[in-house]
Amino acid sequence: MFLGEHKHNLDAKGRVSLPSRFRSVAGEKLVVAKGLEECLYVYPKETYREFVDQLLEGSDFDPKQRRIRRFFTTNAVETDVDSAGRITLPQVMRDHAGLVREVAVVGNGNRVELWDSARWAAYNHEATANIEDDAEALSAIGLSGPGEKPAPVR
């Protein structure tokens, strides 16, 4: 599982280091894909394959399904972690996430997210300000916190 937040710099060749804890979980083959909210998603190859399999279950006749599938697969790249623990990010991916220099490398459960550091700080500030309302909404549909029994659905 990927947890925590780290700051790393993008080098002149478009490479960013992954924390050693993330590398040990991720394995050797990774997939970098466009993410929501102008970040990049970095998945272990098999986890990404499972994600794409879910996308393929939808109907190709549904325009929203096609758009979502294209968003997450177009420009996605398979990459290796080099001997220095870095991955190379193609320019189109760096442009999508606005990555120029300082990168927030964020663990999000089954994936790593790469954010422009300033954009991440702004997003995280807003999310923190709204977390109580978000938690209440999830509780209303029966989701419980870690170690809690699920709340009854009303």
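Please refer to the structure placed before this passage.
Residues numbered from 1 in each chain as written. Predicted model: local features only at pLDDT ≥ 70, side-chain atom pairs only at ≥ 80, totals over all residues. Heavy atoms only, no water.

**With respect to the sheet that holds strand β4 (residues 40-44)**
As a reminder of what qualifies: The criterion for strand pairing is that DSSP finds at least two bridges linking the strands in question. Strands are runs of DSSP state E lasting at least two residues, helices are runs of H or I lasting at least four, and both sets are numbered from the N terminus onward. For every element, the axis is a line fit to its C-alpha atoms; helices are fit only across the contacting stretch, and the angle between N-to-C directions ranges from 0 to 180 degrees.
Ordered in space as β1-β7-β8-β4-β3-β5, the six strands form an open sheet in which the pairing is antiparallel. Edge positions in the sheet fall to β1 (5-9) and β5 (77-80), since each has one partner strand and no second. If you compare each strand with its neighbour and ignore which way they point, the axes differ by 30° on average. With three bridges joining them, β4 and strand β8 (residues 111-116) adopt antiparallel strand pairing. Paired with Leu40 across the bridge in β8 is Leu114.

**Section: unusual backbone geometry**
This is how it is decided: Whether a residue is buried, partly exposed or exposed follows from its accessible area with a 1.4 Å probe, protein chains only, as a fraction of its type maximum: under 20%, in between, or over 50%, in that order.
Positive phi outside glycine occurs at Glu37, with the angle close to 60°. The class of Glu37 is partly exposed, set by a relative accessible area of 48%. Although it is not a glycine, Glu38 sits at a positive phi angle of roughly 60°. Counting through the fold element by element, Glu38 comes out in the loop between β3 (29-34) and β4.

Interpretation note: all reported values are geometric properties and have no functional meaning in isolation.
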